[in-house]
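So you can see what is in the structure, the chains are spelled out below.
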Amino acid sequence: DAAIEFKDVDFGYEGNRQILHKVSFRVEPGTKVAIVGPSGAGKSTISRILFRFYDVNAGRVTIDGQDIRDVTQASLRAAIGIVPQDTVLFNDTIRYNIAYGRPGASDAEIEEAARLASIDTFIERLPDGFDTIVGERGLKLSGGEKQRVAIARTILKGPQILLFDEATSALDSKTEKEIQASLSEVSQNRTTLVIAHRLSTVVDADEILVLDGGRIVERGTHTHLLEMQ
Ligand code: ADP
Ligand code: ADP
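Keep in mind it's a predicted model, so treat the numbers as computed, not measured.

*Asks:* It is not clear to me how the pairing of strand 9 (residues 161–166) should be interpreted in this structure. Could you clarify?
*Replies:* Side-chain positions along a regular strand alternate between the two faces of the sheet. Strand 9 sits mainly inside the fold: five of its six residues count as buried. In this sheet, strand 9 lies alongside strand 6 (residues 80–83) in parallel orientation, the contact comprising four bridges. If you follow Ile82 over to strand 9, its bridge partner there is Leu163. Pairing geometry for strand 9 and strand 10 (residues 191–196), over six bridges, is parallel. Note on strand 10: the bridge partner recorded for Ile161 is Thr191.

Okay, structure coming up:
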């Protein structure tokens, strides 16, 4: 498992004001760190930097001690598996939807990924909608179940790091609970970075960073942060 480290990272989009100010954090191998904060705080900017869509202006970003500027884009993408918040599923079996994560994966590997994401009971079924070829009506998947498919697809790729991106919108509380559950199951013993809107999505993170105005203004466990409020 890999460690991620941001050390004194300053960043501003080209020609614009500074967005990140001396951001430092470390995700130890096999642990889960979450970044929460209001819109515009700089959360997605951190994930874009991790993918090297942008380079830092000052400071350093490393994965397993290696500066990401010395890593090829291809190996960076292989190392980090993104679980997006909104997943579009193909109108084909859940098995197919998982297999898409890594063409050539064996049945056993696909089933193992499905088991880890707790969707193994319905992988032969179709997602929402009616499949005219098979002539069968699909399952009505909940938001959480859809995300489990995305999780299985990402796990199948075998990334060293999981990145959950929950930043884009507020979830209804049922979906939030479902996602919380799958997130804690699947992130056990995996280096995981979660970008989230709200503290309630990331209760069991080993460390939570509160980002505001591009600065880490608070850090600690969920319990610790609740006590601070
Ligand atoms: P968050 O994910 O916390 O909502 P972002 O990282 O998306 O925040 O954005 C942080 C700040 O950077 C915001 O003020 C946003 O307007 C600005 N920003 C985001 N993308 C760009 C860009 N491509 N060019 C200039 N400014 C940007
Ligand atoms: P795919 O699912 O198509 O195989 P990858 O696993 O290669 O995608 O992931 C990299 C892609 O994910 C990038 O091209 C990028 O556009 C997209 N992406 C999704 N969420 C984010 C995010 N928060 N920050 C940066 N890129 C993201």
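*Asks:* Hey, could you run me through the site of ligand 1 in this one?
*Replies:* In the vicinity of ligand 1 lie 14 residues, with Arg17, Gly40, Lys43, Ser44 and Thr45 positioned nearest. Take Arg17: an N or O atom from its side chain is 2.9 Å from an oxygen atom of ligand 1. Isolated, ligand 1 exposes 560 Å² of accessible area, and the fraction of that covered by the protein chains is 66%. Broken down by element, the residue count for the shell around ligand 1 peaks at four residues, all from helix 1 (residues 43–50). Residue composition of the shell around ligand 1, by class: five nonpolar, six polar and three charged.

*Asks:* How should the sheet that holds strand 9 be read in this particular structure?
*Replies:* The strands making up a sheet associate through backbone hydrogen bonding, with each pair oriented either parallel or antiparallel. Spatially, the six strands line up as an open sheet ordered 6-9-10-3-11-12, and their pairing is mixed. Looking along the sheet, the strands with just one partner apiece sit at the ends: strand 6 and strand 12 (215–220). Put simply, the sheet's adjacent strands are angled 20° from each other on average, direction ignored. Direction of pairing for strand 3 (residues 32–36) relative to strand 11 (residues 207–212): parallel, over a ladder of four bridges. Within the sheet, the bridge partner assigned to Val33 lies in strand 11 and is Glu207. In the packing of helix 1 onto the sheet, contacts are made with strand 3, strand 6, strand 9, strand 10 and strand 11, and the angle to strand 10 comes to roughly 145°.

*Asks:* For this particular structure, what's the right way to read the packing of helix 5 (residues 143–156) against helix 6 (residues 173–186)?
*Replies:* Helices that pack against each other are described as a pair by the angle of their axes relative to one another and the distance between those axes. Put simply, helix 5 and helix 6 touch, their axes get as near as 8 Å, and they point 25° apart. Considering the angle they form, helix 5 stands roughly parallel to helix 6. The handedness of the crossing between helix 5 and helix 6 comes out as right-handed. Counting all contacts with helix 5, which are made through Gly143, Gly144, Glu145, Gln147, Arg148, Ile151 and Ile155, the residues of helix 6 involved are Thr175, Glu178, Ile179, Ala181, Ser182, Glu185 and Val186.

*Asks:* Just to check I follow, could you spell out the side chain of Ser142 for this structure?
*Replies:* Along the chain, Ser142 turns up in the loop between strand 8 (136–137) and helix 5. With near-sequence residues (within four places) excluded, Ser142 lies in contact with Lys174 and Glu178.

*Asks:* What is the right way to look at the packing of aromatic side chains in this model?
*Replies:* Applying the stated criterion to the full structure yields seven aromatic pairs. A centroid spacing of 4.9 Å and a plane angle of 80° characterise the contact between Phe11 and Tyr13, whose relative ring orientation is edge-to-face. Measuring from ring centre to ring centre gives 5.9 Å for Phe51 and Phe53, while their planes differ by 20°; the resulting arrangement is stacked. Owing to a relative accessible area of 47%, Phe53 belongs among the partly exposed residues under this scheme. Grouped by ring-pair contacts, the aromatic residues Phe11, Tyr13 and Tyr54 constitute a single cluster.

*Asks:* For this particular structure, what's the right way to read the nonpolar core?
*Replies:* One finds Ile94, Ile98, Ile119, Phe164 and Ile208 to be the most contacted residues of the largest nonpolar core, which totals 34 residues. At the level of secondary structure, the elements contributing two or more residues to this core comprise strand 3, helix 3 (94–99), helix 4 (107–116), helix 5, strand 9, helix 6 and strand 10. When residues in this core are grouped by element, the largest group, six residues, is from helix 5. If we ignore the near neighbours within four places in the chain, the residues touching Ile208 are Ala34, Val36, Leu199, Val202, Glu218, Arg219, Gly220, Thr221, His222 and Leu225. Membership of the second largest hydrophobic core comes to 32 residues, among which are Ala2, Ile19, Val61 and Val71.

*Asks:* I tried to follow a nonpolar patch on the surface on my own but got confused; where do I start?
*Replies:* On the surface, Phe90, Tyr96 and Tyr100 cluster together into a nonpolar patch covering about 310 Å² of accessible area. Inspection of the secondary structure puts Tyr96 in helix 3. With relative accessibility at 40%, the residue Tyr96 sits in the partly exposed group.

Rules used in this analysis
- Residues numbered from 1 in each chain as written.
- Chains lettered and ligands numbered in written order.
- Predicted model: local features only at pLDDT ≥ 70, side-chain atom pairs only at ≥ 80, totals over all residues.
- Heavy atoms only, no water.
- Buried < 20%, exposed > 50% of the residue type's maximum accessible area, 1.4 Å probe, protein only.
- Helix = DSSP H or I, 4+ residues; strand = E, 2+ residues; numbered from the N terminus.
- Pairing = 2+ DSSP bridges.
- Near = heavy atom within 4 Å.
- Polar contact = N/O pair within 3.5 Å; in protein donor to acceptor, adjacent residues only side chain to side chain.
- Areas by Shrake-Rupley, 256 points an atom, 1.4 Å probe, with all protein chains shown as cover.
- Nonpolar A, V, L, I, M, F, W, Y, C, P; charged D, E, K, R; others polar.
- Axes fitted to C-alpha atoms, helices over the stretch in contact; angles between N-to-C directions.
- Contact = heavy atoms within 4.5 Å.
- Parallel < 35°, antiparallel > 145°, perpendicular 65-115°, else oblique.
- Left-handed = near helix turned anticlockwise from the far one by under 90°.
- Phe/Tyr/Trp six-rings, centres within 6.5 Å; stacked < 30°, edge-to-face > 60°.
- Core = buried A, V, L, I, M, F, W, Y, C linked by side-chain atoms within 4.5 Å.
- Patch = residues over 30% accessible without salt bridge, like charges linked within 9 Å, V, L, I, M, F, W, Y side chains within 5 Å.
- Salt bridge = Lys/Arg side-chain N within 4 Å of Asp/Glu carboxyl O.

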